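# Breakdown of the fold
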Amino acid sequence: MSRALEAARRGWGDTHPNPMVGALIVENGRVVADGFHARAGEPHAEVMALRNLGRAPAPGATLYVTLEPCSTTGRTPPCTEAIVRTGLKHIVIGATDPNPSHAGRGLTLLRKAGVEVIEGIIAGECTDLNLIFNHWIAKGKPLIAGKIATTLDGRVATRAGQSKWITGAAARRDAMRWRGLFPAVGVGAGTVLADDPQLTSRIGKNERCPARLIFDRTLRTVGKKLPLVYADEHRARTIVVTGSNPNAAKRAILEKQGIAVWPLAPKNWFTALREKCAQAGLTGLFVEGGPTLLSAFLQAGALDYLFAYRAPKILADAEAMPVFTGPPRPRLADAFTLTDVHHADFGDDQLLRGQVIYPAKKP
């Protein structure tokens, strides 16, 4: 199943709104073919593994697949039917379908057809692979994730504003990898003006450009010299999220560049943002903004997931910039917490990531 996960990750960032899935065919203890889902509308991993085999599976062959085979017709036929037609009698499953209407249905159909099904093999890893897809299917909303990099005492910059670099190169590469997974990345106007970032995912010679959302209520990022995200070869992938009545001249400059402008009213702003992302087919948003932007998402209850990188550095300065701000929370019971937490080390730096749980509202 670990080998099947490796195959699935070959679709990293390319399969939205579909999940990443990998499959292997094993005969006599040897992997004879593999496959993965490359992008929506193309064959699923199970079908690709069977195609790559190029013949009927041998008697006693086993199919390993990271996610329960689909049992309904979408842009492609059901994989359960394709599996039964091959004569395969053994299948090992990682995670079950996250859709409550479909979960377990494919397994039941396979068992009724005489296929031996073993399920739940490294299910946690298989489920975690598709955190964006799972959220989208279960809640019908884009997953909004925040990314922070802090010192041990929770600071993102010195009192003078210096933040490059808190974490080392390995941690920054990992953050770039996650940026490449999400269909959209978001930053605030302050980050654009201070850093003029590209907001692309650059790993080795490969460059990927997600949709780039710039949160700029007053269009202060539109000046005589346009930042990279408004002028580079990927500018059509840029969206400016602004106030309900944006400056007409500045909006015209952006639209002349081929940049979409999303004016959102202050009331229900976060709900409107999710709806616009969903309409645009953006099932996940990776917010890399500064403390003001991330704190706004958190305090509004709009941050679903957090990637928290931490470096073994201590500023010990009350005036250094904290990562989150908000109203007083005198009780630990009022704290925000993370669940389903995952840890990773990158040299001396650490990553802690998980789903954000909000404190219960007081009666």
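Not measured: the values here are computed from a predicted model.

The rules we used
- Residues numbered from 1 in each chain as written.
- Predicted model: local features only at pLDDT ≥ 70, side-chain atom pairs only at ≥ 80, totals over all residues.
- Heavy atoms only, no water.
- Salt bridge = Lys/Arg side-chain N within 4 Å of Asp/Glu carboxyl O.
- Buried < 20%, exposed > 50% of the residue type's maximum accessible area, 1.4 Å probe, protein only.
- Helix = DSSP H or I, 4+ residues; strand = E, 2+ residues; numbered from the N terminus.
- Pairing = 2+ DSSP bridges.
- Axes fitted to C-alpha atoms, helices over the stretch in contact; angles between N-to-C directions.
- Contact = heavy atoms within 4.5 Å.

## Let's talk about the pattern of salt bridges
- Tallied over the entire structure, the rule returns 14 salt bridges.
- For the salt bridge of Asp-334 with Arg-331, the shortest nitrogen-to-oxygen distance reads 2.8 Å.
- For Asp-334, a relative accessible area of 7% puts it in the buried group.
- One salt-bridge network, held together by shared partners, links Lys-147, Arg-179 and Glu-288.

## Section: the pairing of strand S6 (residues 143-150)
- The buried fraction of S6 amounts to 7 of the 8 residues, a majority that puts the element mostly inside the structure.
- Across 4 bridges, the pairing between S6 and strand S14 (residues 284-287) is parallel. When the sheet's bridge partners are listed, Ala-145 is paired in S14 with Phe-286.
- As paired elements, S6 and strand S15 (residues 305-310) share 6 bridges and run parallel to each other. Each bridged residue has a counterpart across the sheet, and for Gly-146 the counterpart in S15 is Leu-306.

## What to know about the sheet that holds strand S12 (residues 238-242)
- The strand order across the open sheet built from 9 strands is S13-S12-S11-S8-S14-S6-S15-S18-S17, with neighbouring strands paired in mixed fashion. With partners counted over all chains shown, the strands left at the sheet margins are strand S13 (260-263) and strand S17 (337-346), one partner each. Within the sheet, the average angular offset between the axes of one strand and its neighbour, ignoring direction, is 20°.
- The pairing of strand S8 (residues 184-188) with strand S11 (residues 211-215) spans 5 bridges and is classified as parallel. From the neighbouring strand, Gly-188 faces S11, where its bridge partner is Phe-215.
- Sitting on the sheet, helix H6 (residues 131-139) touches S6, S14, S15 and strand S18 (349-357), and the angle it makes with S6 is about 140°.

Treat this as a map of the structure, not an account of what it does.
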